[in-house]
Amino acid sequence: MRKPYRFETRTIHAGQPADPSTGAVMTPIYQTSTYRQKRVGEHLGYEYSRTGNPTRHALEECLSSLEEGHAGLAFASGMAAIDAILHLLRPGDHVLAVDDLYGGTYRIFEQTYAPMGVSFSYAPASEPAAFLKHLRPETRLIWLETPTNPLLNLCDIRGIAEGARKMNSSAWICVDNTFATPYLQQPLNLGADIVLHSTTKYLGGHSDVVGGAIVVRDAALAERLAFLQNAVGAVPGPMDCFLVLRGIKTLPVRMERHASNAEAVARFLETHEAIEQVFYPGLPSHPQHDLARRQMRNGGGMVSFTAKGGTHAARRIAEGTHLFALAESLGGVESLIEVPAAMTHASTLDSPLAVSPALIRLSVGLENTQDLVEDLRQALDALA
Ligand code: P1T
């Protein structure tokens, strides 16, 4: 299902016609590993659930429609999806990545693929020309996250895609769209080749499932990745696919509220005397606020900040909230707080990508705005 239906309609219906055998409106959880064949090799499109499953197929079709790609592929986690993309590479290949990344992405780059002969370099990706100076003849993959985790920097997707093409680079451009979701930005329409998601986050939306996904524009690339999905086998089960599908149905309304709550929280933080710096693309003070307005529908639901008092204050704030739960992950209906250097980004410690131990990251949920602000206020006031 594609145009003429608009985004909100596709979140609810794309890939999800009523079940042909019963009329069930919700996609059934096809909890089966295998499918009876009529004759050898003659079947209804499914032969084994690592290769294909109808609940997973519905999710893959829906994701492909939302990202406006050629095909979608679902994985057991965001990391499994990242691993499938990195499996496209060979020893000697080079990856140029943005210099602020989820810690697990940095870890698989440096600890799993670098020892196998793939090389990685990292550069700020806010200025396309400066970023693309780091391209090499052997660069096969450009890796962007935007907004980045945890500093919420933006990469200019269109600028980088156009610049790379002008330089005749043959590198695929992959955008980790986990923080923005296709509701805020659609990287394939801005020139990217591959979109990646941890569906654990906003797409699932309720902190009750771990999953990943890839959407691509090109049929041949889709085929190579589908081969890897089946050959390596890191696929999600049907129940997990059902949960992500159900979450996606409310993505647009959730993202509007995540963003309005996050903006209110960010504006409050900017006015509090205990705060040193606030990072939120939806604020005019963000150095790339203009790009955010061009590239994203709103500023998203993630806010990072530092407080006066540095590392010690960060720990006290993160342990001092009641409503914001001290936890890794993001994108669920409930608000979370964490210290990336000690938690989600511990693998970047002592590396060029190390995050300041004074940084605090918030995943702003859908609770009452004032309750969230008051929770942060009491944690900050307690520092005095
Ligand atoms: O956790 P998993 O579903 O495997 O997804 C990995 C991943 C990939 N990309 C981004 C941008 C991510 O943020 C993540 C996971 N991140 C967290 C768990 C976190 O708290 O930042």
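Residues numbered from 1 in each chain as written. Predicted model: local features only at pLDDT ≥ 70, side-chain atom pairs only at ≥ 80, totals over all residues. Heavy atoms only, no water.

**Some details on the layout of surface pockets**
We count it as follows: Within this scheme a cavity is a closed region of a 1 Å grid, computed over the protein atoms alone, that accommodates a 1.4 Å probe without allowing it to escape, whereas a pocket is open but has protein on both sides within 12 Å along at least five of seven lines; lining residues each have an atom within 4 Å of a point. Grid points are joined across faces, edges and corners, and a volume is the space filled by probe spheres set on the points. Amino acids are sorted into nonpolar (Ala, Val, Leu, Ile, Met, Phe, Trp, Tyr, Cys and Pro), charged (Asp, Glu, Lys and Arg) and polar (every other residue, Gly among them). Under the scheme used here, helices are H or I runs from DSSP no shorter than 4 residues and strands are E runs no shorter than 2 residues, and both carry numbers assigned from the N terminus. All the domain ranges listed were derived from an automatic or database domain assignment.
Its boundaries defined by the atoms lining it, the largest pocket holds a volume of some 410 Å³. In terms of lining, the largest pocket is formed by 17 residues, of which the most central are Asp19, Pro20, Tyr30, Tyr46 and Pro54. Partitioning the lining of the largest pocket into residue classes produces 10 nonpolar, five polar and two charged. Gly78, Met79, Tyr102, Ser198 and Lys201 are the residues nearest the centre of the second largest pocket, which is lined by 23 residues in total. Elements with a contribution of two residues or more to the lining of the second largest pocket: helix H3 (78–86) and strand E6 (194–198). Here the lining of the second largest pocket is composed, by residue class, of eight nonpolar, 10 polar and five charged. When residues of the lining of the second largest pocket are assigned to domains, at least three fall in each of domain 1 (7–248) and domain 2 (251–381).

**Let's talk about the site of the ligand**
Here is the rule we go by: It suffices for a single heavy atom of a residue to lie within 4 Å of a molecule or strand for the residue to be listed as near it. The term polar contact refers here to a pair of N or O atoms within 3.5 Å; inside protein, the definition further demands a hydrogen-donor-capable atom paired with an acceptor-capable atom, and it admits residues adjacent in sequence only when both atoms are side-chain atoms. In this scheme, a molecule is assigned to a cavity or pocket if more than half of its atoms are within 2 Å of the grid points.
Close to the ligand lie 19 residues; Asp176, Ser198, Thr200, Lys201 and Ser329 are nearest. In the environment of the ligand, an oxygen atom lies 2.8 Å from a nitrogen or oxygen atom belonging to the backbone of Ser329. Taking Arg361, its side chain carries an N or O atom lying 2.8 Å from an oxygen atom of the ligand. At a threshold of 2 Å from the grid points, most atoms of the ligand map onto the second largest pocket. The leading source of residues in the shell around the ligand is H3, at three residues. Of the residues contributing to the shell around the ligand, the split by class is five nonpolar, nine polar and five charged. In terms of domain composition, the shell around the ligand takes at least three residues from each of domain 1 (7–248) and domain 2 (251–381).

**Overview of the packing of aromatic side chains**
Spelled out, the test is: Under the pairing criterion, centres of Phe, Tyr and Trp rings, with the six-membered ring standing for Trp, must be within 6.5 Å; the plane angle then separates stacked pairs below 30 degrees from edge-to-face pairs above 60, leaving the rest tilted. A 1.4 Å probe rolled over the protein chains alone gives each residue an accessible area, and that area as a share of the maximum for its type sets the label: buried under 20%, exposed over 50%, partly exposed in between.
Taken as a whole and judged by the stated rule, the model has five aromatic pairs. Ring centres of Phe7 and Tyr183 lie 5.6 Å apart, and the angle between their planes is 50°; this geometry places the pair in the tilted category. In this pair, Phe7 is assigned in helix H1 (residues 7–13) and Tyr183 in helix H7 (residues 181–184), connecting sequence segments 176 residues apart. Judged by its relative accessible area of 6%, Phe7 falls in the buried class. Considering the side-chain rings of Phe109 and Phe120, the 4.5 Å spacing of their centres and the 15° angle between planes classify their relative orientation as stacked. Taken together, the residues Phe109 in helix H4 (residues 103–113) and Phe120 in strand E3 (residues 119–123) connect sequence positions 11 residues apart. Each member of the pair, Phe109 as well as Phe120, is classed as buried.

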